[in-house]
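Each chain, written out:
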Amino acid sequence: MTKLKIGVLEMSNDSTEWYLNRLAKSLNELEISKYPTNFEAINQLLPQPSVALFELLNSFLPNTNDLSFLLVPNITIHVMLDELFLEHQHTYSLVHPLSLTIERLRKNRVNEVVIFGSYYTMRDGYVSKKMELDGVSCSFPSKEDILSIDACRKAVFQNKASAELISNFKALVQKYAKMNTVVLACTELSMAYNGSMDNVLDMAQMQIDFCAQLVESN
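A short tour of the structure in this document, coming up.

How each quantity is defined
- Residue numbers here run from 1 along each chain, matching the order of that chain's written sequence.
- Thresholds applied to this predicted model are a pLDDT of at least 70 for local features of residues and 80 or more for the giving and counting of side-chain atom pairs; totals over whole chains, interfaces and linings are not thresholded and use all residues.
- Values shown for side chains rest on all heavy atoms present in the structure; no hydrogens or waters enter the calculation.
- Pairing between two strands is assigned when DSSP locates at least 2 bridges connecting them.
- Helix and strand assignments follow DSSP, with helices taken as H or I runs no shorter than four residues and strands as E runs no shorter than two, numbered in order from the N terminus.
- We call two residues contacting when some pair of their heavy atoms lies within 4.5 Å.
- Axis lines are fitted to C-alpha atoms, over the contacting stretch for helices. Their N-to-C directions set the angle, which ranges from 0 to 180 degrees.
- A helix is expected to span 1.5 Å multiplied by its residue count minus one.
- The classification of residues rests on relative accessible area computed with a 1.4 Å probe and restricted to protein chains. Under 20% of the type maximum is buried, over 50% is exposed, and intermediate values are partly exposed.
- Note that the arc is computed from the directions linking the helix axis to the C-beta atoms.
- Orientation is classified from the angle alone, with under 35 degrees giving roughly parallel, over 145 giving roughly antiparallel, 65 to 115 giving roughly perpendicular, and any other angle giving oblique.
- Each crossing gets its hand from how the near helix is turned against the far one by less than a right angle, where anticlockwise is left-handed and clockwise is right-handed.
- Note on residue classes: Ala, Val, Leu, Ile, Met, Phe, Trp, Tyr, Cys and Pro are nonpolar, Asp, Glu, Lys and Arg are charged, and everything else, Gly too, is polar.
- To count as a disulfide, a pair of cysteine sulfur atoms needs to be within 2.5 Å.

On the basis of which strands lie adjacent, the open sheet formed by 4 strands has the order β2-β1-β3-β4 and parallel pairing. In this open sheet, the two edge strands, each paired with only one partner strand, are β2 (32-35) and β4 (93-94). Packing of helix α10 (residues 203-217) onto the sheet brings it into contact with β1 (6-9) and β3 (69-71), and relative to β3 it is tilted by some 155°.

Okay, structure coming up:
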């Protein structure tokens, strides 16, 4: 039996540690390899795809034959990873949050969702277009709520989120989840949410759950 090895490509310190802590709880004593990057340089080029970002990200991707799966703690950056994995052959697979989400939506026969993410993500673009290609209709929160959600995301990223800000964000999730399936498409929002409502699909948590299932079946 091939030994399973899961790697994490380092992004922001807090999001990377959040993923690693969650993985540690789910995967018991399985060793996780962390691959360093220069996230400050990467973040300066986000969120728009570019040749510079493509080349920089490619320089940090692991070049190893013993890695089974790679997990990246940043949802937005997967638009570039899609291109990289098409252009360059890798022996390992990407634990893709959007593919996992679409698969879950199909399984649950859900064809309409509301997307919570960064300000950039809460409009027509990579995430919504990818879903709509698979027959999932995407909508977004109101303009006022978009600003509140993005303010929470920024505060979590800067490690300045107050209890009140987190509580207000969770209230927004609950408000939209009463009538819709909510998709959390931002790691910082996953960190703020930290919940398990049936009508909320958390992309980051789905990546972690997928890794746990891999370990269980290996």
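Now that the structure is up, let's keep going.
Here we come to helix α8 (residues 163-177). Taking 1.5 Å of rise per residue, 15 residues should cover 21 Å, and α8 covers 21 Å from first to last C-alpha, within 8% of that figure. What α8 keeps buried is the set I166, F169, L172, V173, Y176 and A177. Across the axial projection of α8, the buried residues extend over an arc of 125°, all falling on one side. Counted as exposed and oriented over 90 degrees from the buried face of α8: A163 and E164.

Running from N to C, helix α5 (residues 97-107) and helix α6 (residues 126-133) point in directions that differ by 40°, and their axes come no closer than 11 Å. Judged by the inter-axis angle, α5 sits oblique to α6. Classified by chirality, the crossing of α6 by α5 is right-handed. Counted together, L98, T101, I102 and L105 of α5 and Y126, V127, K130 and M131 of α6 form the full contact between these two elements. Among the residues forming the contact of α5 with α6, the class breakdown is 6 nonpolar, 1 polar and 1 charged.

Our focus in this paragraph is the packing of helix α1 (residues 13-27) against α10. One way to put it is that α1 packs onto α10 with a least axis distance of 10 Å and a crossing angle of 35°. Judged by the twist between their axes, the crossing of α1 over α10 is right-handed. Across the interface between the two elements, W18, Y19, R22, L23, S26 and L27 from α1 touch A204, Q205, Q207, I208, C211, A212 and V215 from α10. Taken together, the residues that form the contact of α1 with α10 break down as 9 nonpolar, 3 polar and 1 charged.

Bringing the state of the cysteines into the picture now. Taken as a whole, this structure holds 0 disulfides when the rule is applied. The thiol sulfur of C138 is not disulfide-bonded, and the nearest other cysteine sulfur, from C186, lies at 16 Å. Residue class for C138 comes out buried when judged on its relative accessible area of 11%. Unpaired in this structure, C211 has its nearest cysteine sulfur neighbour in C186, at a distance of 19 Å. You can call C211 buried: its relative accessible area is 0%.

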